[in-house]
Amino acid sequence: MNDSPDTPVLIVDDEPHMRFTTGQTLELAGYQPRPVASAEEALAVLGEDFAGVVVSDIRMPGMDGMALLREIHGRDPDLPVILITGHGDVSTAVTAMRDGAWDFLEKPFAGDQLVEVVRRGVETRRLALENRHLRAELEAQQSAPGPRLVGRTESIARLATMVSRISQVEADVLLFGETGAGKDLIARAIHERSRRSGAPFVAINCGAVPESIIESELFGHEKGAFTGAVERRIGKFEHAQGGTVFLDEIESMPMSLQVRLLRVLQERAVERLGSNNAIELDIRVIAATKIDLKAAAEAGQFREDLYYRLNVVTLPIPPLRERREDIPLLFQHFAVVAATRSGQEAPPLDSAGLSALLAHDWPGNVRELRNLAERYVLIGSAWDYRLEALMGDSEGAGGDMALSQQVEMFEKSLIDQALTRCRGRMNEVCEHLGVPRKTLYDKLKKYGLRAEAYRRQGDEATDSSR
């Protein structure tokens, strides 16, 4: 049996006995044959996002198979068309493949040969439709202002709510999270959702700029302010006028500069090096740290007065290991972005890949996951898309999560993926997972999943692609 029961296969042939035998062979293999007698009839019944493949004879009265191939690919170039050629008609087969036929069969062909070609075509079609759906969903999500916070867990939903609220006020913000947790994305999301979105977003990594030039980078300088200052320089704060300054790794800022930063925050004015004139600033400051600044201040490693000035609103960003249920969705999101950017395709994760994602501890957080998704798309074929091989060693896998928790997380992720793929249609989900309807409903209740939400997502993605 094939992996997708009742997948439609459109059979186009003017000979009744060929339609019957081909259809019978495919029906026994678990497919849903849809025989038609002409190319014109085939085009009339082919709808948008046809889920299966087309099997067509080449030599037919009226519109032949080659003309049908061109017409279908004019509508949907991703729809696999398998052409049937006469015995010894090699030149026609070559022309068909050159014109975009997915494969061809030469009469007479065996039933198992037909089933195998159709099986591979159906799998290719399934992948194409999944990527199409994901791209449509991604485009719909990206139509919202600012970077999107991907995830369905309570912690990410709470964070998204806080970002939305904070964006509408003018308070400075302190972001707290591990390396790679997404502090830069959160800062950009706050900026893009605020009234300052049309003005500059200026980011500076306080740990990456040499201490000798960070003062000039931030505050600017006048010509001749020091040796080598051959012309005036506008600093980051002044350049961000009307917008947002993002100070990443604020804990790395030298103590001597923390005094000047505190003054800028309090007075909303800056003086270039070598100048006595204060320049008024209309900026918002978002700082980010990976350490506990309060503890650092108490230890004398960070100015206490600056900590309390920055700590107007603090947003903790959860590490990836604390929201494991979001990992498959995030991976899928990053893979679609990488595939869209590179023009390549990559198959959806299999159960082994999904298990590897959920078992890993992700010390590099979202950044590590994004890099893995990009490798999966760009070079995954060299490893047969085996995620375990792309991830390298298994150090950090498993962590402190109990086996029962891993099993439940894996099960929930499989159901979530099936609901997404089938757009909440319960009959299809049951068939895809091979479980009775009552069992599926019990699982949905256990994991707090609602089919209606997936149906709405599917409808919104479809609307956005039109």
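Look up a bit, the structure's there.
What comes next is a walk through the structure. (Residues numbered from 1 in each chain as written. Predicted model: local features only at pLDDT ≥ 70, side-chain atom pairs only at ≥ 80, totals over all residues. Heavy atoms only, no water.)

**Observations regarding the overall build of the protein**
Consideration 1: Along the protein, the regular secondary structure elements total 20 helices and 12 strands.
Consideration 2: Classification of the 466 residues of the protein by burial places 45% in the buried group.
Consideration 3: For the protein, the proportion of contacts with a sequence separation of at least 24, taken over those separated by at least 6, is 72%. (Helix = DSSP H or I, 4+ residues; strand = E, 2+ residues; numbered from the N terminus. Buried < 20%, exposed > 50% of the residue type's maximum accessible area, 1.4 Å probe, protein only. Contact = heavy atoms within 4.5 Å.)

**Overview of the packing of aromatic side chains**
Consideration 1: With the rule as written, the count across this model stands at 5 aromatic pairs.
Consideration 2: Linked through ring pairs, Phe331, Tyr376 and Tyr385 together constitute an aromatic cluster.
Consideration 3: The ring of Phe219 carries Arg260 above its face, with NZ or CZ at 4.1 Å from the centroid. (Phe/Tyr/Trp six-rings, centres within 6.5 Å; stacked < 30°, edge-to-face > 60°. Lys NZ or Arg CZ within 6 Å of the ring centre and 35° of its normal.)

**Brief notes about the packing of helix H6 (residues 154-167) against helix H7 (residues 183-192)**
Consideration 1: It is at 8 Å that the axes of H6 and H7 come closest, and there the two elements cross at 45 degrees. Regarding the angle of H6 to H7, the classification is oblique. Note on packing geometry: the crossing formed by H6 with H7 is right-handed. Of the residues in H7, those touching H6 at Leu159, Val163, Ile166 and Ser167 are Ile186, Ala189 and Ile190.
Consideration 2: Considered class by class, the residues forming the contact of H6 with H7 number 6 nonpolar, 1 polar and no charged. (Axes fitted to C-alpha atoms, helices over the stretch in contact; angles between N-to-C directions. Parallel < 35°, antiparallel > 145°, perpendicular 65-115°, else oblique. Left-handed = near helix turned anticlockwise from the far one by under 90°. Nonpolar A, V, L, I, M, F, W, Y, C, P; charged D, E, K, R; others polar.)

**A word on helix H18 (residues 426-433)**
Consideration 1: When we look at burial in H18, the residues that qualify are Met426, Val429 and Cys430. Along H18, the residues classed as buried sweep out an arc of 100 degrees about the axis, all on the same side. (Arc of directions from axis to C-beta.)

**Thoughts on the pattern of salt bridges**
Consideration 1: Tallying each qualifying case throughout the model produces 34 salt bridges.
Consideration 2: Taking the shortest distance from any N to any O, the salt bridge between Asp172 and Arg268 comes out at 2.8 Å. On the criterion of sequence distance, the pair formed by Asp172 in the loop between H6 and strand E6 (173-176) and Arg268 in the loop between helix H10 (255-267) and strand E9 (269-270) is long-range, its members being 96 residues apart.
Consideration 3: The shortest N-O distance in the salt bridge between Arg321 and Glu178 comes to 2.5 Å. In this pair, Arg321 sits in the loop between strand E12 (313-316) and helix H13 (327-342) while Glu178 sits in the loop between E6 and H7, placing the two residues 143 residues apart along the sequence.
Consideration 4: A single salt-bridge network, built from bridges that share partners, covers Asp103, Glu116, Arg119 and Arg120. (Salt bridge = Lys/Arg side-chain N within 4 Å of Asp/Glu carboxyl O.)

**Brief notes about a nonpolar patch on the surface**
Consideration 1: A cluster of nonpolar side chains, contributed by Leu378, Ile379 and Trp383, occupies part of the molecular surface with about 260 Å² of accessible area.
Consideration 2: Inspection of the secondary structure assignment puts Leu378 in helix H15 (residues 365-379).
Consideration 3: You can call Leu378 partly exposed: its relative accessible area is 45%. (Patch = residues over 30% accessible without salt bridge, like charges linked within 9 Å, V, L, I, M, F, W, Y side chains within 5 Å. Areas by Shrake-Rupley, 256 points an atom, 1.4 Å probe, with all protein chains shown as cover.)

**Regarding unusual backbone geometry**
Consideration 1: In this structure, the amide linkage connecting Lys107 to the following residue, Pro108, adopts the cis form with an omega of -10 degrees.
Consideration 2: Turning to its location among the elements, Pro108 is positioned in the loop between strand E5 (103-106) and helix H5 (111-142).
Consideration 3: Not every positive phi belongs to a glycine, and Glu249 is a case in point at roughly 55 degrees.
Consideration 4: Its location among the elements puts Glu249 in the loop between strand E8 (244-248) and H10.
Consideration 5: By relative accessible area, which is 25% here, Glu249 ends up partly exposed.
Consideration 6: Despite not being glycine, Arg423 has its phi angle at roughly 55 degrees, a positive value.

**Let's talk about the nonpolar core**
Consideration 1: If you look at the biggest cluster of nonpolar residues, it comprises 30 residues, and the most contacted ones within it are Leu218, Phe237, Leu247, Ile250, Leu261 and Phe302.
Consideration 2: Every element with two or more residues in this core is listed here: strand E7 (201-205), helix H8 (211-219), E8, H10, strand E11 (284-289), helix H11 (293-298) and helix H12 (304-310).
Consideration 3: No other element matches the 5 residues that H10 contributes to this core.
Consideration 4: Beyond its immediate chain neighbours, meaning those up to four positions away, Phe302 contacts Ile250, Glu251, Met255, Gln258, Leu293, Ala296, Ala297, Tyr307 and Leu310.
Consideration 5: Judged by nonpolar contacts, the second largest core, of 22 residues, contains Leu330, Phe334, Ala338 and Val377. (Core = buried A, V, L, I, M, F, W, Y, C linked by side-chain atoms within 4.5 Å.)

**Comments concerning the side chain of Asp326**
Consideration 1: On the secondary structure map, Asp326 appears in the loop between E12 and H13.
Consideration 2: With relative accessibility at 1%, the residue Asp326 sits in the buried group.
Consideration 3: Residues within four places of Asp326 in sequence aside, it is in contact with Gly151, Arg152, Thr153 and Ile156.

**Notes on the environment of Ala229**
Consideration 1: As for its placement among the helices and strands, Ala229 is situated in the loop between H8 and helix H9 (236-239).
Consideration 2: The class of Ala229 is buried, set by a relative accessible area of 6%.
Consideration 3: A sequence separation of 13 residues divides Ala229 from Ser216, and the C-alpha atoms of the two residues are 9.8 Å apart.
Consideration 4: Ala229 has contacts with His221, Glu222, Lys223 and Gly224, leaving out every residue within four places of it along the chain.

**Remarks on the packing of H8 against H10**
Consideration 1: As a packed pair, H8 and H10 sit with axes 11 Å apart at the nearest point and diverge in direction by 10 degrees. On the basis of their axis angle, the class for H8 and H10 is roughly parallel. Residues Ile214, Glu215 and Phe219 of H8 lie in contact with H10, whose contacting residues are Leu257, Arg260, Leu261 and Val264.
Consideration 2: Of the residues belonging to the contact of H8 with H10, the class tally is 5 nonpolar, no polar and 2 charged.

Worth remembering: the numbers are spatial, not functional.
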